[in-house]
Amino acid sequence: MVEFYLDLMRGHYRLWSELVGEHHDAEHWERVLVREEAGERWARELRNRVEDPDSLLLIFTADRDEPIGFLLLEIQTDHLIFCKKGFIHGIFLHPDYRGRGWSRQMLAWGERWFHEKGVSPRHVYVISNNLAAVKLYASMGYRVTDYRMTKIGNF
């Protein structure tokens, strides 16, 4: 499962570099994620989330019960209005299984979990140039509600 999460993060950093117009240094991110043990820190974080009743880690398998993807969800209390909100913290599907409706099914499982917990609204943060994800979330009723802006360069 850790390797799936690392693949998610590798893709995230690649998309982020494209978005901000920076060179994507894959070796740098490999060093950070693997050799500098960020992957192990992520593994510990995932284990902690599994034990938290307000978090859900769903692992999806295909034919030979080999993992092909995961969905990480969490319920948090809004610190301003003290209501519970659902967050999709991560979704990853192995590239060999993309384009077949699996991501939609994975999100549907997550939606059911939030519904069973009585949680609404639900949020997801997605990099704006991850057009496949933006399209998927929009097709499932998610709408842009705010903008996160980033300034790149000397301050």
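Scope of this entry: the structure provided in the associated data block. (Residues numbered from 1 in each chain as written. Predicted model: local features only at pLDDT ≥ 70, side-chain atom pairs only at ≥ 80, totals over all residues. Heavy atoms only, no water.)

## Quick look at the nonpolar core
Stated precisely, the cut-off is as follows: Residues grouped as a nonpolar core are buried Ala, Val, Leu, Ile, Met, Phe, Trp, Tyr and Cys residues, joined through side-chain atoms within 4.5 Å. Only protein chains enter the accessibility calculation, which uses a 1.4 Å probe; a residue whose area is less than 20% of its type maximum is buried, one above 50% is exposed, and one in between is partly exposed. Put simply, DSSP H or I for four residues or longer makes a helix, DSSP E for two residues or longer makes a strand, and each gets a number counted from the N terminus. Contacts were defined at the residue level, with two residues in contact if any of their heavy atoms lie within 4.5 Å.
Core analysis: the largest hydrophobic core is formed by 22 residues, its most contacted members being Leu71, Leu73, Ile88, Leu107, Phe114 and Tyr137. At the level of elements, strand E1 (55-61), strand E2 (67-77), strand E3 (84-93), helix H4 (102-116) and helix H5 (131-139) are the ones that each hand at least two residues to this core. Other than its neighbours up to four places away in sequence, Leu71 contacts Leu56, Leu57, Leu58, Phe60, Ile88, Gly90, Ile91, Met106, Leu107 and Gly110. Counting five residues, the second-largest nonpolar core is a separate cluster that includes Leu46, Leu57, Phe70 and Leu72.

## Some thoughts on the side chain of Asp78
We count it as follows: We define a polar contact as two N or O atoms separated by no more than 3.5 Å, with the added condition that, inside protein, one atom must be a possible hydrogen donor and the other a possible acceptor, whereas residues neighbouring each other in sequence contribute only through side-chain atom pairs.
Tracing the chain through its elements places Asp78 in the loop between E2 and E3. The class for Asp78 is buried, based on a relative accessible area of 13%. Within the structure, the side chain of Asp78 is placed 2.6 Å from the backbone nitrogen of Leu80, a separation counted as a polar contact. Beyond its immediate chain neighbours, meaning those up to four positions away, Asp78 contacts Cys83 and Lys85.

## Quick notes on a nonpolar patch on the surface
Our working definition: Like charges within 9 Å and nonpolar side chains (Val, Leu, Ile, Met, Phe, Trp, Tyr) within 5 Å are joined into patches, using only residues over 30% in relative accessible area that form no salt bridge. Accessible areas in this description were obtained via Shrake-Rupley with a 1.4 Å probe; residue shielding takes into account the shown protein chains only. Here a salt bridge means any side-chain nitrogen of Lys or Arg lying within 4 Å of a carboxyl oxygen belonging to Asp or Glu.
The grouping of Val144, Tyr147 and Met149 at the surface amounts to a nonpolar patch, some 470 Å² of accessible area in total. Structurally, the position occupied by Val144 is in the segment after H5. A relative accessible area of 64% places Val144 in the exposed class.

## A word on the pairing of E3
Put simply, the test is: Note on pairing: two strands pair once DSSP finds at least 2 bridges between them. Classification remark: right-handed applies to a crossover when, strands pointing away from the viewer, the course from the first strand over the helix to the second runs clockwise.
Counting buried positions along E3 yields eight of ten residues, so the element is predominantly enclosed. Bridge analysis of E2 against E3 gives nine bridges, and the strand direction is antiparallel. Across the sheet, the residue bridging to Leu71 is Ile91, located in E3. In textbook terms, the turn of a hairpin is the stretch between consecutive antiparallel strands, and for E2 and E3 this stretch comprises six residues, one of which, Phe82, has a positive phi near 60 degrees. Pairing geometry for E3 and strand E4 (residues 122-124), over three bridges, is parallel. Across the sheet, residue Gly86 finds its bridge partner in E4, namely Arg122. Note that the unit made of E3, H4 and E4 has a crossover that is right-handed.

## Brief notes about the packing of aromatic side chains
Note the following rule: In summary, the pairing rule links any two rings of Phe, Tyr or Trp, Trp by its six-membered ring, whose centres are within 6.5 Å, and it sorts them by plane angle into stacked for under 30 degrees, edge-to-face for over 60 and tilted for everything else. Remark: a charge is flagged as sitting over a ring if the NZ atom of Lys or the CZ atom of Arg is within 6 Å of the ring centre and within 35 degrees of the ring normal.
This model, assessed by the stated rule, comprises five aromatic pairs. Seen in terms of ring centroids, Trp113 and Phe114 are 5.4 Å apart; in terms of plane orientation they differ by 55 degrees. Their pairing is tilted. On the basis of relative accessibility, which here comes to 11%, the residue Trp113 falls in the buried class. For Phe114, a relative accessible area of 0% translates into the label buried. Here the aromatic rings of Tyr137 and Tyr142 are separated by 5.8 Å at their centres, their planes lie at 70 degrees, and the arrangement is edge-to-face. Tyr142 shares its class with Tyr137; the two are buried. Sitting above the plane of the Trp109 ring, Arg112 keeps its charged end 4.8 Å from the centroid.

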